[in-house]
Amino acid sequence: MQYALVLAGALLAAAQPHQNEAHARLHRHHHKRDVVTEVDELVVTVTDVVTAGGPAPTAVIQPAAVSSAAPSAVQYHAWSHSSAAAPSSVAPAPSSYVAPTPSSYVAPAPSSYVAPSSSVSSAIASSSYSSIASSVSSSAPSASGISASNLTPNGKKRGLSGYVGIQSTDAFKQYAPHISWYSDYTPNTPDAEGVMGIGMLWGADGSACGSVETERLATFSDVAANSSAPSIMFGFYEPDCQCPMSADMSTSDAATQWDALLAPLKSKGTILGSPSMCKQKDEDFLTPFKSAISTDWDVTSIHINKPDLQGAKDDVEYYVQKYGKPVWVSEFACVNDEPSWQPCTDQTQINSFINDVVSYFEGNDNVVAYGPSNGAGLGDVWPLTDSNTGELTASGQTYLNAISSL
């Protein structure tokens with residue numbers, strides 16, 4: 001989830017007050033990061049993600065409708081949601097693959113691998129899990145160390161999902177030595193402080209979100225036209241939920257735009273990250289989307305909004321088993337998502353959640369990258385940075401401590 005921000009020069013502008021009506025959009029169950037889990041013998045490691053720390057504006061823009069005159073820098077954050085019922089069964093992945101023994105470093109993955117057909121035990125972190133991934137585009141490692149066979153930037157999984165301008169904050173400078181990637185939800189996120197910027201096509205034609213998506217699409221077109229293709233690109237942002245916080249696209253529109261805009265990048269060597277689902281493991285979007293596209297994604301981007309480690313494991317297991325790809329946890333946050341959306345407010349619970357999931361992601365070879373969300377709708381205790389001072393909060397410091405010790 002991300003703060004709605006406007007980047008004016010190096011400064012973040014003030015935003016409109018957050019609207020409570022957004023809560024009415026939430027489903028009964030919830031959805032989120034990144035990669036695949038481990039197995040007795042695991043053969044691959046993939047990486048990624050996106051979200052940020054750093055000072056956030058004192059107010060978050062969450063308009064009921066997006067004005068066509070909205071400036072291009074405006075960043076909208078999508079809420080996490082869940083559907084009323086989870087799938088009754090998880091379909092096994094089509095192709096098979098065995099991952100190497102878990103380790104904090106991500107091992108190269110073969111061009112294709114298959115997930116086990118049987119359901120996976122919740123004890124993923126301990127070791128017995130099979131990774132899967134369908135054929136990936138062949139590309140040489142970029143300056144970030146990402147290639148089709150190794151999706152973790154420079155062998156370091158941890159990252160951050162943030163907002164436009166986060167890279168200029170003091171908090172980001174504190175995180176920089178310990179993270180390998182960050183996202184500000186735009187197609188041209190710049191590298192900063194030695195940290196790789198991860199691009200994303202937030203929405204496209206067919207989205208009801210107006211000019212915020214149109215402006216980003218124009219930026220994406222410039223990126224795609226560049227002779228040097230990005231090493232990795234994600235798209236779209238929670239198309240299974242409504243504007244303005246999510247991209248809000250039908251599966252048919254999303255598939256058409258994926259093949260027209262993102263698929264051509266793969267032929268140039270770009271690794272493609274799937275659309276991220278707002279409904280977490282209760283999603284019903286990716287299967288029809290996958291059937292409609294002609295070019296598959298390489299790594300599954302997931303969002304995790306759960307109150308405990310077991311909830312995070314369940315989300316990761318679902319995506320690994322269902323789609324047979326490594327996962328990139330592009331957002332995670334402590335949220336009591338059932339029976340309704342309630343961000344965690346107990347600091348002890350939040351601290352335990354952060355430490356538990358960081359340890360789990362690091363030890364799971366199916367997860368190639370992960371990063372906490374630092375956006376709207378997450379209450380007053382979870383956000384990693386103080387919106388007034390720009391300093392790390394207790395939660396932000398806990399994440400820094402957790403990744404600093406790795």
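Throughout what follows, the structure given in this document is the object of discussion. Every value quoted in this text rests on a predicted model; they were computed, and no experiment measured them.

**Considerations on the state of the cysteines**
What we call a disulfide is simply a covalent bond connecting the sulfur atoms of a pair of cysteines. Scanning all chains against the criterion turns up three disulfides. A sulfur-sulfur separation of 2.0 Å characterises the disulfide bridge that pairs Cys-209 with Cys-243. Where Cys-209 bonds to Cys-243 through sulfur, the torsion about that S-S bond is close to -100°, and the disulfide is left-handed. Of the two residues, Cys-209 sits in the loop between β6 (199–201) and α2 (211–225) while Cys-243 sits in the loop between β7 (232–235) and α3 (251–266), which places them 34 residues apart along the sequence. Just as Cys-209 is buried, Cys-243 falls in that class too. Across a sulfur-sulfur distance of 1.9 Å, Cys-241 and Cys-278 are joined as a disulfide pair. Taken together, the residues Cys-241 in the loop between β7 and α3 and Cys-278 in the loop between β8 (271–273) and α4 (286–292) connect sequence positions 37 residues apart. Cys-278 matches Cys-241 in its accessibility class, with the two residues each being buried. With its disulfide-bonded cysteines labelled consecutively along the sequence, the protein chain is connected as 1-3, 2-4, 5-6.

**Thoughts on unusual backbone geometry**
Omega for the peptide link from Gly-235 to Phe-236 comes to 0°, which places this bond in the cis form. With respect to the element layout, Phe-236 can be found in the loop between β7 and α3. In this chain, Glu-338 is followed by Pro-339 through a cis amide linkage whose omega measures 5°. Among the secondary structure elements, Pro-339 is positioned in the loop between β10 (327–336) and β11 (342–343). The phi torsion at Glu-193 lies on the positive side, around 55°, for a residue other than glycine. Relative to the helices and strands, Glu-193 is located in the loop between β4 (181–183) and β5 (196–197). One non-glycine residue, Gln-280, lies in positive phi territory at about 55°. The topology assignment puts Gln-280 in the loop between β8 and α4.

**Brief notes about the sheet that holds β7**
What the three strands build is an open sheet, ordered β6-β7-β8; its pairing is parallel. Edge positions in the sheet fall to β6 and β8, since each has one partner strand and no second. Here the average twist between neighbouring strands, direction ignored, is 30°. Bridge count for β6 against β7 is three bridges, and the pairing is parallel. Each bridged residue has a counterpart across the sheet, and for Leu-201 the counterpart in β7 is Gly-235. Sheet strands in contact with α3 are β6, β7 and β8, and its direction is about 140° off that of β8.

**Looking at the sheet that holds β4**
Spatially, β3-β4-β5 is the arrangement adopted by the three strands of the open sheet, whose pairing is parallel. The open sheet is flanked by β3 (159–161) and β5, the only strands paired with a single partner. As paired elements, β3 and β4 share three bridges and run parallel to each other. Its bridge partner being in β4, Ser-161 is matched across the sheet by Ser-183.

About the cut-offs
Residues numbered from 1 in each chain as written. Predicted model: local features only at pLDDT ≥ 70, side-chain atom pairs only at ≥ 80, totals over all residues. Heavy atoms only, no water. Disulfide = S-S within 2.5 Å. Helix = DSSP H or I, 4+ residues; strand = E, 2+ residues; numbered from the N terminus. Buried < 20%, exposed > 50% of the residue type's maximum accessible area, 1.4 Å probe, protein only. Pairing = 2+ DSSP bridges. Axes fitted to C-alpha atoms, helices over the stretch in contact; angles between N-to-C directions. Contact = heavy atoms within 4.5 Å.

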